[in-house]
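In case you want the letters, here they are:
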Amino acid sequence: MGLKRNVPLFTALGYKGQGPFLAFIMHRIGGSALFIFFTVYILALVGVPSMQGLMRNWAFQVLLLVFGLFHAINGLRITILDLWPKLIERYRTVINIEWAVYVLAAGFAIVVVLRGAFGG
Amino acid sequence: MASRTLPLSKRGMTFETFMWAFTRFTVIAMYGLIIAGIIGGLIVSAQTGSNLGDVLYWAFFPNMAENPLGVSWMTWLAKLMVIAFVLTACGHGVHGVLEIWDDYFISPISRRWARNIVITYAILASLVAIFKIWTA
């Protein structure tokens, strides 16, 4: 089983689903990024120096925050909709609130990381 | 748009239903552990005069940082909480990765192999994490 979908990424991103579709794609990318992060984390725990260096790298931390925070916030939205299905009637509003929360949280976290990396 | 709910008894307890429930419960556990970890970290950092960031960094990377809490019940509690978080995160991730891979691995045999590889990896990674965090 499985669908055959030969849709280029940019065509997919232009799909009229907009916010909800972008949230779906970002959730998948975020999950994959966290899977990679988990592997790096385990290797750093084992004591691989390059992985420990990667964990300390500010660019890696920013990427992790961008995708990890979205995955966490979108996951919370999915859980809330699962627990209170009535909210599905306000789906677009919920998605918009999620994006607003994400932009604020990610923006704050990135500023903190960059301030730590470059001082000031 | 009308909301639709289907009771668990009518869904049938397949592997997918079980993993869906497992994924939901593990993510709720992760949110709980994050909240408990931040509150607990604030309490122990206040009691020991250490920095919250240092406590969290040491808790997740005990082999890369000095223990700011000293050897005490706080150390064991922090280690237990981090181990619980890593285990729930790993369990949660298994199904997520499988869902993504299922879109690209089409044949039943490749899907079975993908499932075996991810679950084996999760078990091994969890065991390594438990050992390294507990013994560091």
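Thresholds, definitions, all that
Residues numbered from 1 in each chain as written. Chains lettered and ligands numbered in written order. Predicted model: local features only at pLDDT ≥ 70, side-chain atom pairs only at ≥ 80, totals over all residues. Helix = DSSP H or I, 4+ residues; strand = E, 2+ residues; numbered from the N terminus. Buried ≥ 20, exposed ≤ 12 C-beta atoms within 10 Å, placed from the backbone. Rg over C-alpha atoms; globule rule 2.2 N^0.38 Å. Core = buried A, V, L, I, M, F, W, Y, C linked by C-beta atoms within 7 Å. Contact = placed C-beta atoms within 7 Å. Axes fitted to C-alpha atoms, helices over the stretch in contact; angles between N-to-C directions. Parallel < 35°, antiparallel > 145°, perpendicular 65-115°, else oblique. Left-handed = near helix turned anticlockwise from the far one by under 90°. pLDDT = per-residue confidence, 0-100. Nonpolar A, V, L, I, M, F, W, Y, C, P; charged D, E, K, R; others polar.

Student: Break down the overall build of chain A for me, citing the residues and quoting the values.
Tutor: In terms of helices and strands, chain A carries 5 helices and 0 strands. When the helices and strands of chain A are placed in sequence order, the string is α-α-α-α-α. Taking all 120 residues of chain A together, 16% fall into the buried category.

Student: Outline the overall build of chain B, supporting the account with residue identities and numerical values.
Tutor: Scanning chain B from terminus to terminus reveals 5 helices and 0 strands. For chain B, the α and β elements follow one another from N to C terminus as α-α-α-α-α. For 136 residues, the compact-globule formula gives about 14 Å, and the C-alpha radius of gyration of chain B, at 19 Å, lies well above that figure. Dimensions of chain B, computed from C-alpha atoms along their principal axes, come out at roughly 55 × 40 × 25 Å. Burial statistics for chain B: of 136 residues in total, 19% are counted as buried.

Student: I'd like a description of the nonpolar core, backed by residues and values.
Tutor: With 24 residues, the main nonpolar core has B:A59 and B:V82 as its most contacted residues. Listed by contribution, the elements that provide at least two residues to this core are α2 (18-46) and α4 (58-83) of chain A together with α3 (52-60), α4 (73-102) and α5 (108-135) of chain B. Filtering out sequence-adjacent residues up to four positions away, B:V82 remains in contact with B:A59, B:F60 and B:I133.

Student: Which residues make up the interface of chain B and chain A, and what values go with them?
Tutor: Each partner contributes to the interface: chain B provides 21 residues, whereas chain A provides 21 residues. Looking at which element gives the most residues to the side of chain B that touches chain A, the answer is α4(B), with 6 residues.

Student: How would you summarise the environment of B:W76 if you had to cite specific residues and measurements?
Tutor: Tracing the chain through its elements places B:W76 in helix α4. Judged by C-beta crowding, with 12 C-beta atoms within 10 Å, B:W76 ranks as exposed.

Student: An account of the packing of α4(A) against helix α2 (residues 15-48) of chain B is needed here, citing residue identities and associated values.
Tutor: Running from amino to carboxyl end, α4(A) crosses α2(B) at an angle of 120°, the nearest separation of the two axes being 11 Å. Looking at the two axes, α4(A) sits oblique to α2(B). Handedness of the α4(A)/α2(B) crossing: left-handed. Contact with α4(A), carried on its side by A:G75, A:L76, A:T79 and A:D82, involves B:R24, B:V27, B:I28 and B:Y31 of α2(B) and no other residues of that element.

Student: Now, about the confidence of the model for chain B: what can you tell me, with residues and values included?
Tutor: Residue and element names in this part refer to chain B. When pLDDT is averaged across chain B, the result is 85; 92% of the residues are at 70 or more. Mean pLDDT in chain B bottoms out at helix α1 (residues 8-11), which sits at 68, and peaks at α5, which reaches 92. As scored by the predictor, the complex reaches a pTM of 0.81 and an ipTM of 0.81.

Student: Mind laying out the environment of A:L45, listing which residues take part and the relevant values?
Tutor: The residue A:L45 is located in helix α2 in this model. With 24 C-beta atoms packed within 10 Å, A:L45 lands in the buried category. Sequence-distant contacts of A:L45, defined by excluding residues within four places in its chain, comprise B:N63, B:A129 and B:K132.

Student: Can you lay out the packing of α2(B) against α3(B) for me, pointing to particular residues and giving the numbers?
Tutor: Residues and elements named next belong to chain B. For the pair α2 and α3, interaxial distance at closest approach is 9 Å and the crossing angle is 115°. Crossing angle aside, the handedness with which α2 passes α3 is right-handed. Mapping the contact onto sequence places G41, L42, V44 and S45 in α2 and L52, V55 and L56 in α3. By residue class, the composition of the contact of α2 with α3 is 5 nonpolar, 2 polar and no charged.

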